[in-house]
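Here's the letter readout for the chains.
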Amino acid sequence: MQRNPSTRAAATAMPDADASLWTALHAGVAQVAAEVRRRIDHVAYRAQQTAIRVPLATTRAVASALVGGESPDPAAVVALRERYEALLARDLANVDAGLYPRSLLYQIPFARYARTLPTFLVDLPGVLRRVRARDHDDLPGDVDLGRYPPYFRRNFHWQSDGYLSCRSAELYDLTVELLFAGTADVMRRQVIPPVSRVVGDGARSDVRLLDVACGTGRTLAQIARAHPRLRLYGLDLSPYYLQVARRVLADVADVSLVADNAERLPFRSGYFDVVTSVFLFHELPRPARRAVLAEMHRVLRPGGLLVIEDSAQLGESGELAFFLGRFAAEFHEPFYRDYVRDDLAAAAADAGLRVESVEPHFVSKVVVARKLAGARGPTSMHRGVASRRRGHARPPRS
Ligand SMILES: C[S@@+](CC[C@H](N)C(=O)[O-])C[C@H]1O[C@@H](n2cnc3c(N)ncnc32)[C@H](O)[C@@H]1O
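Residues numbered from 1 in each chain as written. Predicted model: local features only at pLDDT ≥ 70, side-chain atom pairs only at ≥ 80, totals over all residues.

Asks: What exactly am I supposed to notice about the overall build of the protein here?
Replies: Each helix and strand counted, the protein has 13 helices and 7 strands in total. Every one of the 398 residues in the protein was classed for burial, and the buried ones make up 36%. Sequence separation of 24 or more characterises 76% of the internal contacts of the protein that already satisfy a separation of 6 or more. (Helix = DSSP H or I, 4+ residues; strand = E, 2+ residues; numbered from the N terminus. Buried ≥ 20, exposed ≤ 12 C-beta atoms within 10 Å, placed from the backbone. Contact = placed C-beta atoms within 7 Å.)

Shown next, in the form of structure tokens:
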């Protein structure tokens, strides 16, 4: 049967119209669903953070009412609150912008921390004794201290065994989350957006990223979730912390962990596309800070990216002076007073890097810098590329 051409056109046009209506409807529903999910995330995430912060803030307020001590400067309290709120807002905005996955908002290992809590409480009297006695040399007797630089051989934050035992490594993550009222991992993941902007969707698996002073691996674990195809390397002076890192990173496919000193990185010049480091520099004396920066510069390829996160400094965060001063006074952090007066960005520039940004995040700051294209590391410092893959950490150098 012959059809009239106009009937034929109508017959084909109708399904097209249906299809585009269906597509538009589908897109509209997807958009509404995404917006609903975004709003639920915002409420759920803030509820989670409040549930962590309020009991801690209450405990701290009761403790300082009992013990006494200097009342905080009201302007500094307001600044601290504003920065806390800004950090949470930034975290959510980063997820909305696709800079890291939403699953990172909910990755605090509550069950692991609950299991650690009894050990933490049992350990507490020893910490308080150390604080009262100002005893910062209370280190394990069975460790060969001569293998570590003098600045490292101490009880940072009065913690038991310094960085030199499995017990210390097991307690560390919980202790830091308690100290920062549930924002330690949030601050750590602020190194990810600059990396995401450079590696894009992370589809390339030939990009090498080194996290210097990776500790128990919480930054690397978050980077791996955001960019599962990166080739990850972690270095830390504490073999005990690397033991925990190995467990934290157990499901990460491509990661190498090396026990060594960041002042002499055991990698070939220009080997890495990205170098990150979180909360290391405030624990180093100034010459060591400079040496580590020089090494970071050396192991980056020309054009490579450096992202450092560490404590805020007075230069950009003068409004937090009260809290930065209190941290130095209350915790054993012998290099912190000098650190807050130092300038990480200027030091990175002195090491030959081009600083691209400096951003405060709550009580921390993130410095983003690039190794200038055409720049070369000192050839005399060429070392073998670390070929050790997961589970083959080396003992520290003597
Ligand atoms: C405050 S912790 C930070 C660890 C981790 N980046 C984090 O975010 O939890 C400092 C870390 O630096 C490591 N460290 C200190 N001096 C070092 C050095 N010279 N070379 C390598 N690691 C060092 C310590 O062992 C410890 O794991």
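Still to come is the rest of the account.
Asks: Explanation requested: the site of the ligand in the structure shown.
Replies: Every one of the 19 residues lining the ligand counts as a neighbour, but Ala213, Gly215, Leu237, Ser238 and Ala262 are closest to it. Looking at the shell around the ligand residue by residue, the classes come out as 10 nonpolar, 4 polar and 5 charged. (Near = placed C-beta within 6 Å. Nonpolar A, V, L, I, M, F, W, Y, C, P; charged D, E, K, R; others polar.)

Asks: Which parts of the structure should I look at to understand the pairing of strand β2 (residues 231–236)?
Replies: When a strand is regular, its side chains alternate between the sheet's two faces. Burial of β2 is extensive: 5 of the 6 residues sit out of reach of the surface. As judged from the 5 bridges shared by strand β1 (residues 208–212) and β2, these two strands associate in the parallel manner. By the bridge assignment for β2, aspartate 211 is matched with glycine 234. Chirality of the crossover, the property in question, places the unit of β1, helix α7 (residues 218–226) and β2 among those that are right-handed. Judged from the 5 bridges that link them, β2 and strand β3 (residues 255–259) form a sheet pairing that is parallel. Each residue of the ladder has a partner; that of tyrosine 233, found in β3, is serine 256. (Pairing = 2+ DSSP bridges. Right-handed = clockwise from strand over helix to strand, strands pointing away.)

Asks: Looking at this model, I keep getting lost on unusual backbone geometry. Mind explaining?
Replies: Among all residues except glycine, the phi angle is most often negative; among peptide bonds, the trans geometry is most common. At aspartate 161, a position not held by glycine, the phi torsion is positive, near 70°. Tracing the sequence through the fold places aspartate 161 in the loop between α3 (110–133) and α4 (166–179). We classify aspartate 161 as buried; it has 20 C-beta atoms within 10 Å.

Asks: In this structure, what is going on with the environment of leucine 306? I would like to understand it.
Replies: If you trace the backbone, leucine 306 turns up in strand β5 (residues 300–311). The contacts of leucine 306, once residues within four sequence positions are left out, are Val275, Met296, Leu300, Ala348, Leu353 and Ala369.

Asks: Which parts of the structure should I look at to understand the sheet that holds strand β4 (residues 272–278)?
Replies: For sheets, the rule is that strands pair by backbone hydrogen bonds, running either parallel or antiparallel. Reading across from one edge, β3-β2-β1-β4-β5-β7-β6 is the order of the 7 strands in this open sheet, with mixed pairing throughout. The open sheet terminates on both sides in strands that have one partner only, identified here as β3 and β6 (353–361). Direction aside, the axes of adjacent strands within the sheet are offset by 15° on average. By the bridge criterion, 8 bridges tie β6 to strand β7 (residues 364–371) in an arrangement that is antiparallel. In the strand pairing of β7, histidine 361 is matched with serine 364. Here helix α6 (residues 192–199) sits on the sheet and contacts β4, β5 and β7; the angle it forms with β5, its principal contact strand, is near 160°. Contacts between α7 and the sheet are confined to β1, β2, β3 and β4, with β2 contributing the most and set at about 175° to the helix. (Axes fitted to C-alpha atoms, helices over the stretch in contact; angles between N-to-C directions.)

Asks: Sorry if this is basic, but what is going on with the pairing of β7 here?
Replies: Counting buried positions along β7 yields 7 of 8 residues, so the element is predominantly enclosed. When β5 meets β7, the two strands line up antiparallel, connected through 7 bridges. The residue bridging valine 307 from the neighbouring strand is valine 368, located in β7. Linking two consecutive strands that pair antiparallel, namely β6 and β7, is a turn of 2 residues; a positive phi of about 55° is found at phenylalanine 362 within it.

Asks: Would you mind going over the packing of α6 against α7 with me for this structure?
Replies: The angle between the axes and the distance between the axes are what describe a pair of packed helices. As a packed pair, α6 and α7 sit with axes 11 Å apart at the nearest point and diverge in direction by 35°. Crossing handedness for the pair α6 and α7: right-handed. Residues Ile192, Val195 and Ser196 of α6 form the contact with α7, whose participating residues are Gln222, Ile223 and Ala226. (Left-handed = near helix turned anticlockwise from the far one by under 90°.)

Asks: Looking at this structure, I do not really get the confidence of the model for the protein. What am I missing?
Replies: Residues at a pLDDT of 70 or more form 88% of the protein, whose mean pLDDT is 87. This model gives residues 377–398 a pLDDT under 50, and the stretch forms 51 contacts once residues within four places in sequence are excluded. (pLDDT = per-residue confidence, 0-100.)

Asks: How do you make sense of the packing of α3 against α4 when you look at a structure like this?
Replies: One can describe the packing of α3 onto α4 by two numbers: an axis separation of 9 Å at closest approach and a directional angle of 95°. Taken together, the axes of α3 and α4 lie roughly perpendicular to each other. Two secondary-structure elements touch here, α3 through Tyr113, Thr116, Leu117, Thr119, Phe120 and Asp123 and α4 through Glu170, Leu171, Leu174, Thr175 and Glu177. Considered class by class, the residues forming the contact of α3 with α4 number 5 nonpolar, 3 polar and 3 charged. (Parallel < 35°, antiparallel > 145°, perpendicular 65-115°, else oblique.)

Asks: Please explain α4 as it appears in this structure.
Replies: Side chains three or four residues apart in an α-helix point the same way, a direct result of the helix having 3.6 residues per turn. Over its 14 residues, α4 runs 20 Å from end to end, which matches the ideal 20 Å to within 8%, given 1.5 Å per residue. Along α4, the residues that are buried comprise Ser168, Ala169, Glu170, Leu171, Tyr172, Asp173, Val176 and Glu177. Residues of α4 that are buried sit in contact with α3, α5 (184–188), α7 and α8 (239–248). Alanine 181 sits one or two positions beyond α4 and adopts a positive phi of about 50°. (Expected span 1.5 Å × (residues − 1).)

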